[in-house]
Amino acid sequence: MARPRLYADADAFGERVALYFRCRAQDGEQPTIRGLCAFLGFRDRHALSEQAKRGEAFRRIYLRARLVMEADLSERLIDPARYRPAFVLQLRNNYGWRA
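Residues numbered from 1 in each chain as written. Predicted model: local features only at pLDDT ≥ 70, side-chain atom pairs only at ≥ 80, totals over all residues. Heavy atoms only, no water.

Caption draft 1: Layout of the packing of helix H1 (residues 10-27) against helix H4 (residues 56-77). Contact geometry for H1 and H4: axes closest at 9 Å, N-to-C directions at 10 degrees. For the element pair H1 / H4, the angle class is roughly parallel. For the pair formed by H1 and H4, the contact residues are Ala10, Phe13, Gly14, Val17, Tyr20 and Phe21 on the first element and Ala57, Phe58, Ile61, Ala65, Val68 and Met69 on the second. Taken together, the residues that form the contact of H1 with H4 break down as 11 nonpolar, 1 polar and no charged. (Axes fitted to C-alpha atoms, helices over the stretch in contact; angles between N-to-C directions. Helix = DSSP H or I, 4+ residues; strand = E, 2+ residues; numbered from the N terminus. Parallel < 35°, antiparallel > 145°, perpendicular 65-115°, else oblique. Contact = heavy atoms within 4.5 Å. Nonpolar A, V, L, I, M, F, W, Y, C, P; charged D, E, K, R; others polar.)

Given below as structure tokens:
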């Protein structure tokens, strides 16, 4: 028997994702896929990408969350105080950036 879904509808899922980003911003911390997954109650990061397969509304929320994280990383690339070489690798490997 399968486990019940943590989020019955896209609205509840979207509200929880938005809350994660608000909490990260308040704390001044970088949002991460793993952090988002833990916050949402998922056991692994693949559970988040599976949400995108539940319909267009879930897919839009998932893609928007990834876009927000990509934007955060790209902004860190141009800020000398926050720059880390690992950000370049993360953008290449996880977001399809090319040199």
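Caption draft 2: Geometry of the packing of aromatic side chains. A full pass over the atoms with the stated rule returns 5 aromatic pairs. A centroid spacing of 5.5 Å and a plane angle of 55 degrees characterise the contact between Tyr20 and Phe39, whose relative ring orientation is tilted. Of the two residues, Tyr20 sits in helix H1 while Phe39 sits in helix H2 (residues 33-40), which places them 19 residues apart along the sequence. Using a relative accessible area of 3% as the deciding quantity, one classes Tyr20 as buried. A residue is classified by how much of its surface remains accessible, and Phe39, at 23% relative accessible area, is partly exposed. Aromatic rings pair up to connect Tyr7, Phe13, Phe42 and Phe58 into one cluster. A cation over a ring is seen here: Arg16 above Phe39, with NZ or CZ 4.1 Å from the ring centre. (Phe/Tyr/Trp six-rings, centres within 6.5 Å; stacked < 30°, edge-to-face > 60°. Buried < 20%, exposed > 50% of the residue type's maximum accessible area, 1.4 Å probe, protein only. Lys NZ or Arg CZ within 6 Å of the ring centre and 35° of its normal.)

Geometric descriptors of this kind do not, in isolation, establish any biological role.
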